[in-house]
Amino acid sequence: MSTPASFPDVVLITKADCHLCVEARAAVGRVTAALGIGWTEQSVDQDAALRERFAEEIPVVLVDGVQRDFWKIDEARLTRTLQRLLGQPS
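Only a predicted model underlies this, so the values are computations on that prediction, with no experimental measurement involved.

**Student:** Can you help me understand the packing of aromatic side chains in this one?
**Tutor:** One pair of aromatic rings is described through two measures. These are the centre distance and the angle between the planes. Summed over the entire model, instances satisfying the criterion amount to one aromatic pair. Relative to Trp 71, the ring of Phe 70 lies with its centre 4.6 Å away and its plane at 65°, an arrangement referred to as edge-to-face.

Here it is as C-alpha cells:
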C-alpha cells in the first residue's frame, strides 16, 4: 500500500436551517472517521462567493477542491474516492 503525500482536503459546504446538511455532516463524519482523516465545514451564510457558486446544491462535498457530491451524500462513493486518494484498496 502506498502512502499519500498528504491527506485529502475534505470540505462540507452547508447553510443554516438545512435538514440535508444535518444528514451530510453525519455521512461525511462516518466516512472520514472510518478512514482516519479529518474534514472541515464551511457555511455559505458567511461567504458570498460560496453562496453564489453552490446556491442550489447545498450541501456539497469537496475533495481537494473538486465537487464530489451534493444534496444527498453517497457514502460508498465518497469512501471509494478517499480510498483512491489515500492509496488504499477499495
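**Student:** Is there a simple way to think about the sheet that holds strand S3 (residues 60-63) in this case?
**Tutor:** Strands belonging to one sheet form pairs held by backbone hydrogen bonds; the direction of such a pair is parallel or antiparallel. Read from one edge of the open sheet, four strands run S2-S1-S3-S4, paired in mixed fashion. Two strands lie at the open edges of the sheet, namely strand S2 (40-43) and strand S4 (66-70), each paired on one side alone. Mean inter-strand twist for the sheet, computed between neighbouring axes without regard to direction, equals 30°. Note: S3 against S4, four bridges, orientation antiparallel. In the sheet register, Val 60 faces S4, and the bridge partner there is Phe 70. Along the sheet face, helix H1 (residues 19-35) touches strand S1 (10-14), S2 and S3 and points at about 170° away from the line of S1. Along the sheet, helix H3 (residues 75-86) contacts S1, S3 and S4; its crossing angle with S3, the most-contacted strand, is approximately 15°.

**Student:** In this structure, what is going on with the environment of Lys 72? I would like to understand it.
**Tutor:** Position of Lys 72 relative to the elements: it lies in the loop between S4 and H3. Its relative accessible area of 60% is what places Lys 72 among the exposed residues. Taking the C-alpha atoms as reference points, Lys 72 and Arg 51, 21 residues apart in sequence, are found 18 Å from one another.

Quick notes on the rules
Residues numbered from 1 in each chain as written. Predicted model: local features only at pLDDT ≥ 70, side-chain atom pairs only at ≥ 80, totals over all residues. Heavy atoms only, no water. Phe/Tyr/Trp six-rings, centres within 6.5 Å; stacked < 30°, edge-to-face > 60°. Pairing = 2+ DSSP bridges. Helix = DSSP H or I, 4+ residues; strand = E, 2+ residues; numbered from the N terminus. Axes fitted to C-alpha atoms, helices over the stretch in contact; angles between N-to-C directions. Contact = heavy atoms within 4.5 Å. Buried < 20%, exposed > 50% of the residue type's maximum accessible area, 1.4 Å probe, protein only.

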